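Spelled out from the first residue to the last, the chains are:
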Amino acid sequence: MTATLPARRTIPNVTEDAGLRRLSLRETRIARLVAEGLSDEQVAARLGVSVVDVGAELTEAIRKLGLRSRTELALFAPTDPDPGIDNASKEPRE
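No experiment lies behind these values; they were computed from the predicted model shown. (Residues numbered from 1 in each chain as written. Predicted model: local features only at pLDDT ≥ 70, side-chain atom pairs only at ≥ 80, totals over all residues. Heavy atoms only, no water.)

On to the overall build of the chain. Of regular secondary structure, the chain possesses 4 helices and 2 strands. A total of 94 residues make up the chain; the buried ones form 35% of that total. Long-range contacts, defined here as pairs at least 24 residues apart, represent 61% of the contacts in the chain between residues at least 6 apart. When the accessible surface of the chain is summed, it comes to about 6,100 Å², and 53% of that surface belongs to carbon and sulfur atoms. (Helix = DSSP H or I, 4+ residues; strand = E, 2+ residues; numbered from the N terminus. Buried < 20%, exposed > 50% of the residue type's maximum accessible area, 1.4 Å probe, protein only. Contact = heavy atoms within 4.5 Å. Areas by Shrake-Rupley, 256 points an atom, 1.4 Å probe, with all protein chains shown as cover.)

Nonpolar side chains in soluble globular proteins generally cluster together in the buried interior. Counting residues in hydrophobic clusters, the biggest one holds 18 residues, and the most contacted among them are Ile30, Val43, Leu47, Val54, Leu58 and Leu73. For this core, the secondary-structure elements that each account for two or more residues are helix 1 (25-35), helix 2 (40-47) and helix 3 (51-64). Sequence-distant contacts of Val43, defined by excluding residues within four places in its chain, comprise Ile30, Leu33, Leu38 and Val54. (Core = buried A, V, L, I, M, F, W, Y, C linked by side-chain atoms within 4.5 Å.)

A word on the pattern of salt bridges. Evaluation of the coordinates by the stated rule reveals 3 salt bridges. For the salt bridge of Lys64 with Glu27, the shortest nitrogen-to-oxygen distance reads 2.9 Å. With Lys64 in helix 3 and Glu27 in helix 1, the pair connects residues that are 37 residues apart, well separated along the chain. The class of Lys64 is partly exposed, set by a relative accessible area of 27%. Glu60 is the partner of Arg63 in a salt bridge, and the nearest nitrogen-oxygen pair spans 2.5 Å. With Arg63 and Glu60 both in helix 3, this residue pair falls 3 residues apart, about one helical turn. (Salt bridge = Lys/Arg side-chain N within 4 Å of Asp/Glu carboxyl O.)

These figures come from the coordinates and say nothing about function on their own.
Laid out in structure tokens, this is it:
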């Protein structure tokens, strides 16, 4: 008799399934910075917003994409340069 293993939970591939287009510009920026490994405090400083705002936007992005955690979001958010951020200075573009 062969034992069957439980099915693996698959994380939705948000980059293929409309992905980050469902998110606001700020949510997308935060998701990208999280994917780079930045903390909420670092994201807040980079974008010039409060840590509370970062947490709220992060929670909303995770909800919109049907994910369960910051880690899942980081795995699927692109880390390509954000056109709204000057990547040389890491400051928001005017």
